[in-house]
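Observations on chain architecture
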Amino acid sequence: MPERVLVADDDRAVREAVERALELEGYDVVTAGDGVETLVLARRESFSALVLDVMMPHIDGVAVCRVLRADSDRTPVLMLTARAGIPDRANGLDAGADDYLPKPFEVPELLARLRALLRRAVLTAATASPGERNKEGAQGAEAEEGSRSLDVLRMASLRISPGTRRAWWGAAELRLTRTEFDLLELLVRDEGLVLDHASIYRSVWGPDAGVDAKNLAGYIGYLRRKLTDAGAPDLIRTVRGVGYAARRP
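Now for a description of the structure that goes with this document. (Residues numbered from 1 in each chain as written. Predicted model: local features only at pLDDT ≥ 70, side-chain atom pairs only at ≥ 80, totals over all residues. Heavy atoms only, no water.)

Side note on unusual backbone geometry
Here is the rule we go by: A run of DSSP states H or I qualifies as a helix once it reaches four residues; a run of E qualifies as a strand once it reaches two. Both are numbered from the N-terminal end.
Residue Lys 103 is joined to Pro 104 through a cis peptide bond whose omega torsion reads -5°. Checked against the element boundaries, Pro 104 lands in the loop between β5 (99-102) and α5 (107-126). In this structure, Ala 156 takes a positive phi of about 55° despite not being glycine. Mapped onto the fold, Ala 156 is located in the loop between β6 (153-155) and β7 (158-161). The backbone phi angle of Arg 165 is positive, close to 55°, even though this residue is not glycine. One can find Arg 165 in the loop between β7 and β8 (166-169).

Some remarks on the packing of aromatic side chains
Where we set the bar: In this scheme Phe, Tyr and Trp rings, the latter by its six-membered ring, pair at centre separations within 6.5 Å, and the angle between planes marks the pair as stacked below 30 degrees, edge-to-face above 60, and tilted otherwise.
For the structure on display, the rule yields one aromatic pair. Look at Tyr 219 and Tyr 222: their rings are 5.8 Å apart centre to centre, the planes differ by 80°, and that puts the pair in the edge-to-face class. Residue Tyr 219 and its partner Tyr 222 are both found in helix α9 (residues 213-229); the two are separated by three residues, about one turn of the helix.

So, the pattern of salt bridges
Put simply, the rule is: The term salt bridge refers to a side-chain nitrogen of Lys or Arg lying within 4 Å of a carboxyl oxygen of Asp or Glu. Buried means the residue's accessible area, taken with a 1.4 Å probe over protein chains only, is under 20% of the maximum for its type, while exposed means over 50%, and partly exposed covers the values in between.
Tallied over the full model, the rule gives 18 salt bridges. For Asp 234, the salt bridge is made with Arg 224, and the minimal N-O distance between the two is 4.0 Å. Here Asp 234 is found in the loop between α9 and β11 (236-239), whereas its partner Arg 224 is found in helix α9, with 10 residues between them in sequence. Judged by relative accessible area, Asp 234 falls into the partly exposed class, the value being 44%. Through salt bridges with shared partners, a single ionic network connects Arg 4, Asp 28 and Glu 45.

Shown next, in the form of structure tokens:
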């Protein structure tokens with residue numbers, strides 16, 4: 001089975017060039033054009049490695065890496081950036097990146113660095129202590145039962161179960177449509193981050209959906225009413241001219 005790599009860069013030419021180069025080497029490649037899309041893909045799907053551009057719109061590559069590491073996602077990360085200064089590299093590495101490649105770069109070096117990251121990931125897994133492996137084995141019997149509760153997203157008294165597509169405020173279950181649920185899940189997964197209209201549309205309705213701010217505002221209004229009816233405070237904030245964010249009261 002080929003290694004699966006997520007390539008994120010807002011420069012379409014760079015993104016497509018890296019995608020072609022990796023596919024020629026036998027990798028299964030998924031691409032993203034901004035930080036929001038990258039986070040959504042990284043959280044919903046499994047990858048062997050991430051190749052992230054630092055200077056992406058909405059959420060930059062460093063912030064993406066920091067959020068993933070805070071979520072205990074240890075997927076190897078290779079940063080690409082036009083900022084080659086030592087402070088910039090240190091910032092990315094401190095955020096949890098595993099390696100740094102300044103632009104412009106040569107494809108053979110990119111491939112070599114990616115192979116090195118994947119080798120290190122395999123070695124790290126293979127050299128886990130016997131105690132850790134035994135612990136993992138013991139936990140495996142409970143994994144199926146525990147995965148449902150571990151997958152629950154929480155923000156204040158709001159709980160969202162992506163696996164069962166159910167949501168609650170306290171003890172009150174929210175009756176949400178498919179679109180309302182997808183929208184609420186997206187906002188809560190990126191709690192505190194301002195998501196612009198276009199990013200929300202791509203994530204909830206798909207990459208080919210046209211942006212309709214009035215339609216989106218309508219769904220936000222439905223969500224707010226249902227949360228209010230369940231006793232929740234104002235959790236969804238409007239950032240005028242930009243988009244929306246889920247924030248604790």
